[in-house]
Amino acid sequence: MDGPRFWGNRLQDWHIRDGMAECDVSDANRTLHCLTHQLTETNGSFSIRVRANVRNKTKSPEDYIGFRIGAKSDFEDYRSAAVFGEGIDAGVKLDGHLFVGDEIGSTAVNLSNTLELSLEGSYLAEQQQYQLVIAAKNPNSGQTLQSMEVVGINPDDLEGNIALIANYQSEGHQVETPSVLFSDWRIEGSKVNADAGQTYGPICFAQYTLDRGILKMTAQLAPIEKIGGHRVELEIQQGGQWETVQQTQVEPLSRTAHFRVGDWQYKADIPYRITVTLPLKNAEEEYHYEGTIAASPVEAEQLKTAVFSCNSHYGFPNNEVVEHVAKHGPDMAVFLGDQIYESHGGFGVQRSPVAKASLDFLRKWYMFGWSYRDIFRHIPSAFIPDDHDVYHGNIWGEGGADAPVEKGWNYNSQDEGGYKMPPEWVNMVQRCLTSNLPDPYDPTPVKQDISVYYTDWTYGGVSFAIIEDRKFKTAPKNVLPEEANVLNGFIQNREFDIKDYYDIDADLLGETADFFFGRLGLRLERSRGDEGRAFTNQLLHAGYSPGRQYP
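Parameters and conventions
Along each chain, residue indices are assigned from 1 in the same order as the chain's sequence is written. The predicted origin of the model limits local features to residues at a pLDDT of at least 70 and limits the giving and counting of side-chain atom pairs to 80 or more, whereas totals for whole chains, interfaces and linings rest on all residues. Based on all heavy atoms of the structure, the side-chain values leave hydrogens and waters out of the count. Note on conventions: DSSP H or I runs of at least 4 residues are helices, E runs of at least 2 residues are strands, and numbering of each starts at the N terminus. Here the globule rule is a power law, 2.2 Å times the number of residues to the power 0.38, and the radius of gyration is based on C-alpha atoms. Using a 1.4 Å probe on the protein chains alone, a residue whose accessible area is under 20% of its type maximum counts as buried, one over 50% counts as exposed, and one in between counts as partly exposed. Lines fitted to C-alpha atoms define the axes, with helix axes restricted to the stretch in contact, and inter-axis angles between N-to-C directions lie between 0 and 180 degrees. Any angle that falls under 35 degrees is termed roughly parallel, while one over 145 is termed roughly antiparallel, one within 65 to 115 roughly perpendicular, and all others oblique. Residue contacts are counted whenever heavy atoms from the two residues lie within 4.5 Å of one another. Amino acids are sorted into nonpolar (Ala, Val, Leu, Ile, Met, Phe, Trp, Tyr, Cys and Pro), charged (Asp, Glu, Lys and Arg) and polar (every other residue, Gly among them). Two strands qualify as a pair provided that DSSP identifies no fewer than 2 bridges between them. The definition of a polar contact used here is a pair of N or O atoms within 3.5 Å, where within protein one atom must be able to donate a hydrogen and the other to accept one, and adjacent residues in sequence count solely through side-chain atom pairs. Residue types Ala, Val, Leu, Ile, Met, Phe, Trp, Tyr and Cys, when buried and joined through side-chain atoms within 4.5 Å, form a set referred to as a nonpolar core. For this analysis, a ring pair means two rings from Phe, Tyr or Trp (six-membered ring only for Trp) whose centres lie within 6.5 Å, classed as stacked if their planes differ by under 30 degrees, edge-to-face if by over 60, and tilted for the remaining angles. Distance and angle both matter: a charge sits over a ring if NZ of Lys or CZ of Arg is within 6 Å of the ring centre and within 35 degrees of the ring normal. Values of pLDDT, ranging from 0 to 100, describe the predictor's confidence in every residue of the model.

Undergrad: Please provide a residue-by-residue account of the overall build of the protein chain, values included.
TA: Each helix and strand in the protein chain was counted, giving nine helices and 29 strands. What you see for the protein chain is a C-alpha radius of gyration of 27 Å, in line with the 24 Å of a compact globule of 551 residues. Taken along the three principal axes of its C-alpha coordinates, the protein chain extends 85 × 70 × 45 Å. Expressed as a percentage of the 551 residues in the protein chain, the buried residues total 53%.

Okay, structure coming up:
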């Protein structure tokens, strides 16, 4: 099974084991979608086959493995269907009975050995309906062990994605037990449409910035880090030829590849591509992702910036947003936080262990890039995380402190300040989002060795201050008296008089960041007069210390 052709729900629940696709949990609605093949409106026939080795034999009729066909969602897009699609399920229940939808066979099949499951669909022209036949066979001899047929299927119900499914929802089953191994999945027939372009990965997307002659680029990759000998290269096109600029490998937790190229002298648009080379079982495969490093628009009278925040999955894959933004022709794009929410893509969040929690975040982040990558494929872009990006409803970072999660994953721990998720996980999120930003002003990590990214970015003749105030903010509960009754950072006691606490010892930006932005404000004052003074005044109102000396 070729990874780029498949999408797993959830990402952390599917992996390759001895050449087979294993669902390593036993839980509800775990699906593996084929992105390149769908059932169409054509009234033809189709055949779907797979070998299945049931590993968690609960013997419950509520649990089953098999196929999902005609998977569709609110939007007519295979990506939406791959994440949210519902359709007709068919296969074998864990008590051994075959089924199609609500129809269940009368005789059970033995699940002790590997089975070949097949689902055949035939159009009955006279009735203008479909007949479906589900069968369980001995994969070695081809002998049919059990089969059943269902007629009267509406053709419209078959249109959509094709997926494998493991659905465990009976009481008492062990969630952490691997459920099934699938292999030798085959899809064919006149009703099947194949589109080789509908793949995703191993290079999912890339983002970059140009700042004072330095190009920084981050390529977001699929989980390929364990493939020995892999290579990731940044290439640019010169004179019709691709030239390698740098080579690197995948950072294992974030699945990112980072490039930093100094002395960037190009004044015109330069095509780039990320190339990934994977030594696979039968051959060395090469994959590409292409874009443009845009010329800095220093001669333009205006710098057009596309600004985004608070993206949830309700419009996924957000085709109309990408289409409408393109009509404005922005020079750069900035994403100001909450690129994902905890609910993104369904299934909630997995907070531990760190390895699986990282894949949990990446599935949501991959969805984000699947929607919006064409916005920032050809222009520079900046991303900064906000609270939901790190699985918080609100966040007061307290300089990177450790939030007391033993008080629960709710307001009780959040109001104490700090990060609820482990520091290595927080750093993983920041690598995904911010590692293409210009170098931080001071890279010294904060508490728990959590990295920083505050900096300034000069592009198109405009200087941007990139602030990460969330990381340094003091939690209100830590500086206000108990009588204030702070919940989620807000005072609940209507009788409490906040005027007595206007002058409290609290941080907004932290000492080093405070120094940096104060210095940046004074530099702007000297170079831009009133505009610079206005910036400094905004910082003063934001809370940096006006009494400190800035050289």
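Undergrad: So what's going on with the packing of helix 2 (residues 319–328) against helix 3 (residues 354–376)? Which residues, and what values?
TA: Put simply, helix 2 and helix 3 touch, their axes get as near as 9 Å, and they point 5° apart. In terms of their interaxial angle, helix 2 and helix 3 are classed as roughly parallel. Between helix 2, through V321, V322 and V325, and helix 3, the contact on the second element is made entirely by S371, Y372, D374 and I375. When grouped by side-chain class, the residues that make up the contact of helix 2 with helix 3 number five nonpolar, one polar and one charged.

Undergrad: Any chance you could break down the pairing of strand 27 (residues 462–466) for me, citing the residues and the numbers?
TA: Here strand 26 (residues 455–459) runs beside strand 27; their pairing, made up of five bridges, is antiparallel. Directly across from W457, in strand 27, lies its bridge partner F464. Hairpin connection of strand 26 to strand 27: two residues between the antiparallel strands, including G460 at a positive phi of 60°.

Undergrad: So what's going on with the sheet that holds strand 5 (residues 46–54)? Which residues, and what values?
TA: Pairing between the strands of a sheet comes from backbone hydrogen bonds, and it takes one of two forms, parallel or antiparallel. Strand order in the open sheet formed by seven strands is 2-3-14-5-10-11-12, and the pairing between neighbours is antiparallel. Of all the strands in the sheet, the pair left with one neighbour each is strand 2 (14–17) and strand 12 (144–153). The average angle at which neighbouring strand axes cross in this sheet is 25°, direction not considered.

Undergrad: Describe the side chain of D456, and please don't skip the residues or the numbers.
TA: Along the chain, the position of D456 falls in strand 26. Side chain to side chain, D456 and R212 meet in a polar contact 3.3 Å long.

Undergrad: Which residues make up the sheet that holds strand 19 (residues 241–248), and what values go with them?
TA: Here we have four strands laid out as an open sheet, ordered 19-18-21-22, and antiparallel in their pairing. Across the chains shown, the open sheet's two edge strands, defined by having one partner strand only, are strand 19 and strand 22 (284–293). Here the strands of the sheet are splayed against their neighbours by 25° on average, with no regard to which way each runs. Where strand 21 (residues 270–279) meets strand 22, 10 bridges bridge the pair, whose relative direction is antiparallel. Residue pairing in the sheet places Y272 in a bridge with G291 of strand 22.

Undergrad: Please set out the pairing of strand 18 (residues 231–238) residue by residue, giving values where relevant.
TA: Sheet topology places strand 18 next to strand 21; six bridges connect them, and they run antiparallel. Bridge pairing in strand 21 places I236 opposite Y272. Between strand 18 and strand 19, which pair antiparallel in sequence order, lie two residues; one of them, G239, sits at a positive phi of approximately 60°.

Undergrad: Let's hear about the nonpolar core: which residues, and what values?
TA: The biggest cluster of nonpolar side chains holds 83 residues, and the ones touching the most others in it are Y272, I274, F361 and W425. The element contributing the most residues to this core is helix 3, with 12 residues. Look past the residues within four positions of W425 in its chain and what remains in contact with it is V354, A357, S358, F361, D389, V390 and Y391. Judged by nonpolar contacts, the second largest core, of 44 residues, contains I69, V100, M148 and I187.

Undergrad: Please give an account of the packing of aromatic side chains that cites residues and values.
TA: If you walk through the whole model with that rule in mind, you get 32 aromatic pairs. Taking the centre distance of 6.4 Å and the plane angle of 40° together, the rings of W7 and Y200 count as tilted. Here Y200 lies in the loop between strand 15 (192–194) and strand 16 (203–211) and W7 lies in strand 1 (residues 6–9), a separation of 193 residues in the sequence. Accessibility classification places W7 together with Y200 in one group, the buried group. One Lys or Arg, K93, reaches over the ring of F99 and ends 4.6 Å from the middle of that ring.

Undergrad: Go over the confidence of the model for the protein chain with me, naming the residues and quoting the values.
TA: Model confidence for the protein chain is summarised by a mean pLDDT of 92, while 92% of its residues fall at 70 or above. Below a pLDDT of 50 lies the segment residues 539–551, which in the model reaches 24 contacts outside its immediate sequence neighbourhood of four places, other chains included.

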